[in-house]
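For reference, the chains in residue letters:
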Amino acid sequence: MSHYQVIIVGGGQAGLSASYCLKKENINHLILDRGKIGDSWSKRRWDSFCLVTPNWQCRLPGFDYDGNDPKGFMLKDEIVDYVKRYANSFNPPYKENVEVFKVYKKNGETIFSIDTSIGNFTSDKVIIAAGAYHIPNILPISKGFSNNIHQIHSVDYKNPERLVEGATLVVGSGQSGAQIAEDLHIAGKEVYLSVGTAPRAPRTYRGKDAVEWLEEMGYYDQPIELHPDPEEARHKTNHYLTGRDGGRDIDLRKLATEGVNLRGQINNVKDGIINFANDLKENLDAADMTYTRIQSNIDTYIDNNNIKAPAPTRYESMWEPKSENEQSIDYQKKGIKNIIWCTGFKVDYNWVYFPHVYDQRGFPTYKRGITEEAGLYFIGLPWLYTWGSGRFSHVGQDAIHISNHIISEFESELVETCLTKK
């Protein structure tokens, strides 16, 4: 077959969730994936990677977490196994190792054309489940370093042993940057960390994992419309913490006391000198404020609901940047041989030929994944509808909503066709 009712581009957990819902309703569809099931987890994460959300939050449609450690955090290989077992549980129509070159509509046609590495397909509807992490964002100032410096993006980092012997500069302190810096530090490597504006979150508080409190408080169900800054919500950096070793905070100040060299945001590189902004204290303080605000919100919830819980606590800073903290360093003299750019990704939807559905940043616009282009949907993106969208916990809700919309559309089209024939 070359024509389907629905074609899904992308076979990660979002695409699989959509497939599960469509198959349940007997909708003829096909998943086209550029790799194999689980590849995004196995090939685009480092060796020690693990979830930052507890296992109990893994609840894909028809396939809740079924292991014996619900409050633990799945390691990379366990995540891959979970996704593969999910696919095996309902056997989705799936073609692997397929490159999708173009999704478009020919002039005057209502159906979609999908040009791929294995030929052309057509479909009545298309669901784009290709995520938002497409092009590694490496800052232009990377070109200012000498050629003997080993530079990679976080997506290519695997473990400390693969780096060149010497110190490493990690640029960016979001989830990836903070966790990779910690990974290197645990391995005994000398680490410099350029700290950005990423917020941080407590791992546990007042007797529970903070995620459990936030789930009870309805945070993951909060729709994008209620966010104080909906335009920026989808582009903000995630809070940093870790599920490593059973889960814990990542405290950059604590890492500093253990020898990690913290600096402000990187400004420029010239003549062998790295210049950092004088914003380290500001960035650390802002991250701690978010941490404390989350604690305060949990306190309020506990008080308002008369919940018995351990007494509240507050974070106490154990380290402050010194006023004479170096804002410029000679990276050759400091022995820096590696730079890991943990600076996020750029989206690339140029192959989905519907320019009117994108904003100025090239990010798709939609309402709960439904775009203005008839029959075109997106799923698996941050804040698709709620804070939980794009996560194992809530991608199923988005899949159900999109599936229901598609079914409703097909039913309406069928009724219209019958009336036209009469």
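Being a predicted model, the structure only gives us computed values, none of them experimental. (Residues numbered from 1 in each chain as written. Predicted model: local features only at pLDDT ≥ 70, side-chain atom pairs only at ≥ 80, totals over all residues. Heavy atoms only, no water.)

Turning our eyes to something else, we now look at the sheet that holds strand β12 (residues 191-194). The parallel open sheet is built from five strands, whose spatial order is β10-β19-β11-β12-β15. Where the open sheet ends on each side, the last strands, each with one partner, are β10 (150-153) and β15 (261-263). Direction aside, neighbouring strands of the sheet carry axes that sit 20° apart on average. The sheet contact formed by β12 and β15 spans three bridges and is parallel. (Pairing = 2+ DSSP bridges. Helix = DSSP H or I, 4+ residues; strand = E, 2+ residues; numbered from the N terminus. Axes fitted to C-alpha atoms, helices over the stretch in contact; angles between N-to-C directions.)

Here the focus is the pairing of strand β7 (residues 112-116). For β7, the buried fraction is high: four of the five residues fall into the buried class. Relative to β7, strand β6 (residues 100-104) is paired through four bridges, and the arrangement is antiparallel. Each bridged residue has a counterpart across the sheet, and for Val-100 the counterpart in β7 is Thr-116. When β7 meets strand β8 (residues 119-128), the two strands line up antiparallel, connected through five bridges. (Buried < 20%, exposed > 50% of the residue type's maximum accessible area, 1.4 Å probe, protein only.)

A word on the packing of helix α1 (residues 13-24) against helix α3 (residues 76-90). The geometry of α1 relative to α3 is characterised by a closest axis approach of 11 Å and an angle of 15° between their N-to-C directions. Relative to α3, α1 is oriented roughly parallel. The two elements α1 and α3 cross, and the hand of that crossing is left-handed. Only Val-83, Tyr-86, Ala-87 and Phe-90 of α3 make contact with α1, whose side of the interface consists of Leu-16, Ser-17, Ser-19, Tyr-20 and Lys-23. Grouping the amino acids of the contact of α1 with α3 by side-chain chemistry returns six nonpolar, two polar and one charged. (Parallel < 35°, antiparallel > 145°, perpendicular 65-115°, else oblique. Left-handed = near helix turned anticlockwise from the far one by under 90°. Contact = heavy atoms within 4.5 Å. Nonpolar A, V, L, I, M, F, W, Y, C, P; charged D, E, K, R; others polar.)

Turning to the packing of aromatic side chains, a few remarks are in order. Across all of its chains, the model carries 23 aromatic pairs by this definition. Ring centres of Tyr-349 and Phe-378 lie 5.2 Å apart, and the angle between their planes is 85°; on these two criteria the pair is classed as edge-to-face. Residue Tyr-349 is found in the loop between β20 (345-346) and β21 (376-378), and its partner Phe-378 is found in strand β21; the two are separated by 29 residues along the sequence. Residue placement shows Lys-102 over the ring face of Tyr-353; its charged tip is 4.6 Å from the ring centre. (Phe/Tyr/Trp six-rings, centres within 6.5 Å; stacked < 30°, edge-to-face > 60°. Lys NZ or Arg CZ within 6 Å of the ring centre and 35° of its normal.)

Moving on, we get to the environment of Asn-350. Here Asn-350 is to be found in the loop between β20 and β21. It is 8.3 Å that separates the C-alpha atoms of Asn-350 and Gly-362, two residues lying 12 residues apart in sequence. Among the polar contacts made by the side chain of Asn-350, one reaches the side chain of Asp-348 at a distance of 3.1 Å. (Polar contact = N/O pair within 3.5 Å; in protein donor to acceptor, adjacent residues only side chain to side chain.)

This part covers the sheet that holds strand β17 (residues 273-276). What holds strands together in a sheet is hydrogen bonding between their backbones, with the strands either parallel or antiparallel. One open sheet accounts for three strands, arranged β16-β17-β18; its pairing is antiparallel. Pairing within the sheet leaves two strands with one partner each, and these edge strands are β16 (266-270) and β18 (328-330). Averaged over all neighbouring strand pairs, the angle between strand axes comes to 20°, with direction disregarded. By the bridge criterion, three bridges tie β17 to β18 in an arrangement that is antiparallel. Its bridge partner being in β18, Ile-274 is matched across the sheet by Ile-329.

Another aspect to go through is the pairing of β17. Of the two faces of β17, the one holding Ile-274 and Phe-276 is buried and the one holding Ile-273 and Asn-275 is not buried anywhere. Pairing analysis gives four bridges linking β16 to β17, with the strands arranged antiparallel. Across the sheet, Ile-266 pairs through a bridge with Phe-276, a residue of β17.

In this section: the pattern of salt bridges. What the rule picks out here adds up to 26 salt bridges. In this structure, Arg-85 and Asp-66 form a salt bridge, with 2.9 Å as the shortest nitrogen-oxygen distance. With Arg-85 in helix α3 and Asp-66 in the loop between β4 (63-64) and α3, this residue pair connects regions lying 19 residues apart in the sequence. Its relative accessible area of 46% is what places Asp-66 among the partly exposed residues. In this structure, Arg-253 and Asp-285 form a salt bridge, with 2.8 Å as the shortest nitrogen-oxygen distance. (Salt bridge = Lys/Arg side-chain N within 4 Å of Asp/Glu carboxyl O.)

Moving on, we come to helix α4 (residues 175-186). Over its 12 residues, α4 extends 16 Å from the first C-alpha to the last, a length consistent with the 16 Å expected when each residue adds 1.5 Å. For α4, every residue scored as buried is listed here: Gly-177, Ala-178, Gln-179, Ile-180, Ala-181, Glu-182, Asp-183, Leu-184 and His-185. Tucked into the core, α4 has its buried residues touching β11 (167-171), β12, α7 (252-257) and β19 (336-341). Two residues or fewer past α4, Gly-188 is found with a positive phi of approximately 85°. (Expected span 1.5 Å × (residues − 1).)

With that out of the way, let us pick up the nonpolar core. Membership of the largest hydrophobic core comes to 89 residues, with the highest contact counts inside it found for Ile-127 and Ile-379. With seven residues, α3 is the single largest residue contributor to this core. Setting aside residues no more than four positions away along its own chain, Ile-379 makes contact with Ala-14, Ala-18, Ile-127, Ile-128, Ala-129, Leu-384, Val-395, Asp-398, Ala-399 and Ile-402. (Core = buried A, V, L, I, M, F, W, Y, C linked by side-chain atoms within 4.5 Å.)

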